[in-house]
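For reference, the chains in residue letters:
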Amino acid sequence: MHDQTDRHTTLLDQRYGNQEKPQNLVWNPVVEIQLAHKSVRTFLPEALPEGALETMVAAAQSASTGSALHQWSVITVTDGALKQRISDTIARTVPTDRIPWIEEAPTLLLWVADLSRSAAITRERGAEPVVHDYLDAFLMATVDTSLAAQNAALAAESMGLGIVFLGVVRNAAQEIAEFVGLPPHTFFTFGMAVGHPDQSRQSVPRPRPPQSVMLHENRYDSEGFKAKLDSYEDAYRAFREGQNMRPRSWQDAVHESATSMAYMSGRADLRDMVTARGLTLR
Ligand SMILES: Cc1cc2nc3c(=O)[nH]c(=O)nc-3n(C[C@H](O)[C@H](O)[C@H](O)COP(=O)(O)O)c2cc1C
């Protein structure tokens, strides 16, 4: 009982640092795994355990799916040479020579917003999938993919595996689409590296802002978050110091992400890429 309470206290301390913490969580094994989440970027070379991928995909398929249309796919990249090629291609879009967590992870998953099956079924009946021309169709598939991937991530973490989402796949989306033969009416939402965490090189969970920043009651509060920024900066600074990361404020990071086109790293023309893949986003 004491051990459990200590574990819960540690999880909340890591998630919120010295900020205000929720007091009345309903703990269970799923919630414990969710609160212990951290992106893993250092992997052991061992393959995934037998059945792990199938379990992740079953969990992914069990997520809610808009109108029960199942508009997502996932490609598991098991060919080492292909994985290296994908990693090298992405590395050319960012200021680094290599992306070790893609190279090291035994499995790379490419999560695909996928309207191609719906399009094929529709065309087989002699009709055009005109609804796919709208932004909402793209968003529906993207949301489906995200929910599926997060379910898979949680399943992986429940098996003691680690994951990191890889938005950088979109930096080179068109090239990687050609490598893996992605059909029209599909688009990469993100990748995901999966494997056994190398426990000798692990980070700790990253702090989040207090709940009141994200949780609004009945009416959106546009100003409330400002009073919480200093305490979040403290938690963010403590996390970075603990990880020997260079000092940097969270608001500086936000500002840079909103103003630096370098941050886009090849994604500035995403609309053109998506359109070229047959999704017109009107
Ligand atoms: C959609 C999405 C894309 C991401 N892309 C990358 C990425 O390309 N490279 C990376 O190292 N981390 C990536 N991440 C991981 C985030 O950096 C990470 O989730 C965030 O810093 C919070 O840290 P935590 O996951 O350890 O809590 C991505 C996360 C999400 C949700």
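Figured I'd write up the structure that's included with this text.

Rules used in this analysis
- Residues numbered from 1 in each chain as written.
- Predicted model: local features only at pLDDT ≥ 70, side-chain atom pairs only at ≥ 80, totals over all residues.
- Heavy atoms only, no water.
- Helix = DSSP H or I, 4+ residues; strand = E, 2+ residues; numbered from the N terminus.
- Rg over C-alpha atoms; globule rule 2.2 N^0.38 Å.
- Contact = heavy atoms within 4.5 Å.
- Areas by Shrake-Rupley, 256 points an atom, 1.4 Å probe, with all protein chains shown as cover.
- Lys, Arg positive; Asp, Glu negative; His and termini not counted.
- Charge placed at Lys NZ, Arg CZ, Asp CG, Glu CD.
- Polar contact = N/O pair within 3.5 Å; in protein donor to acceptor, adjacent residues only side chain to side chain.
- Pairing = 2+ DSSP bridges.
- Axes fitted to C-alpha atoms, helices over the stretch in contact; angles between N-to-C directions.
- Buried < 20%, exposed > 50% of the residue type's maximum accessible area, 1.4 Å probe, protein only.
- Near = heavy atom within 4 Å.
- Nonpolar A, V, L, I, M, F, W, Y, C, P; charged D, E, K, R; others polar.
- Phe/Tyr/Trp six-rings, centres within 6.5 Å; stacked < 30°, edge-to-face > 60°.
- Salt bridge = Lys/Arg side-chain N within 4 Å of Asp/Glu carboxyl O.
- Expected span 1.5 Å × (residues − 1).

Helix and strand counts for the protein chain stand at twelve helices and four strands. Here the protein chain has a C-alpha radius of gyration of 20 Å; the compact-globule value for 282 residues is 19 Å, and the two agree. For the protein chain, the spread of C-alpha atoms along the principal axes amounts to about 65 × 50 × 40 Å. Excluding contacts between residues fewer than 6 apart, the proportion of contacts in the protein chain whose partners are at least 24 apart in sequence is 77%. About 15,900 Å² of surface is accessible on the protein chain, with carbon and sulfur atoms providing 54% of the total. When the 27 positive and 34 negative side-chain charges of the protein chain are each reduced to one mean point, those points stand 3 Å apart.

By the secondary structure assignment, Thr 42 is in the loop between helix H2 (29-35) and helix H3 (52-61). Of note is the side chain of Thr 42, whose polar atom sits 2.8 Å from the backbone oxygen of Arg 201. At 2.8 Å, the side chain of Thr 42 forms a polar contact with the side chain of Gln 202. Not counting the four nearest positions on each side in its chain, Thr 42 is found in contact with Glu 104, His 196, Pro 197, Asp 198, Arg 201 and Gln 202.

Strand pairing in a sheet relies on backbone hydrogen bonds. The paired strands run either parallel or antiparallel. The four strands are arranged E1-E2-E4-E3 in an open sheet whose pairing can be described as antiparallel. The open sheet is flanked by strand E1 (72-77) and strand E3 (162-166), the only strands paired with a single partner. Going from strand to strand, the sheet's axes swing by 25° on average, the running direction of each strand aside. Note: E3 against strand E4 (residues 186-195), five bridges, orientation antiparallel. Looking at the pairing, Gly 162 lines up with Gly 195 of E4.

Bringing the side chain of Glu 32 into the picture now. For Glu 32, the position within the fold is in helix H2. Owing to a relative accessible area of 14%, Glu 32 belongs among the buried residues under this scheme. Those residues in contact with Glu 32, other than ones at most four positions away along the chain, are Gln 4, Arg 7, His 8, Leu 11 and Trp 27.

Taken together, the neighbourhood of the ligand is formed by 13 residues, with His 37, Ser 39, Arg 41, Gly 167 and Arg 208 sitting nearest. Side-chain polar atom of Arg 41 to an oxygen atom of the ligand: 2.8 Å apart, as the coordinates give it. Here an oxygen atom of the ligand and a backbone polar atom of Val 168 are 3.1 Å apart. Burial of the ligand by the protein chains amounts to 66% of its free accessible area of 620 Å². Residue classes in the shell around the ligand are distributed as six nonpolar, three polar and four charged.

Moving on, we get to the packing of aromatic side chains. Within this structure, the stated rule accounts for five aromatic pairs. Consider the rings of Trp 72 and Trp 111, whose centres lie 5.6 Å apart with planes at 40°: the pair is tilted. One end of the pair, Trp 72, is in strand E1; the other, Trp 111, is in strand E2 (residues 107-114), and 39 residues separate them in sequence. Taken as a pair, Trp 72 and Trp 111 share a single burial class, namely buried. Residues Tyr 232 and Trp 250 carry aromatic rings whose centres are separated by 5.2 Å and whose planes lie at 85° to one another, so their mutual orientation is edge-to-face. Here the residue Tyr 232 occupies a position in helix H10 (residues 229-242), and Trp 250 occupies one in helix H11 (residues 250-259), the gap between them amounting to 18 residues.

Take the pattern of salt bridges next. For the structure shown, the criterion picks out eleven salt bridges. The salt bridge involving Glu 128 is made with Arg 123; its shortest N-O contact spans 3.1 Å. With its nearest N and O atoms 2.4 Å apart, the salt bridge here joins Glu 256 to Arg 248. What makes Glu 256 partly exposed here is its relative accessible area of 38%. Connected via shared salt-bridge partners are Glu 104, Asp 198 and Arg 201.

Within E4, ten of the ten residues are buried, which leaves the element mostly enclosed by the surrounding structure. Pairing between E2 and E4: eight bridges, direction antiparallel. Within E4, the position partnered with Leu 109 by the bridge is Met 192.

Spanning 24 residues, helix H7 (residues 135-158) covers 35 Å between terminal C-alpha atoms, matching the ideal 34 Å at 1.5 Å per step. The first or second residue beyond H7 is Gly 160, which carries a positive phi of 85°.

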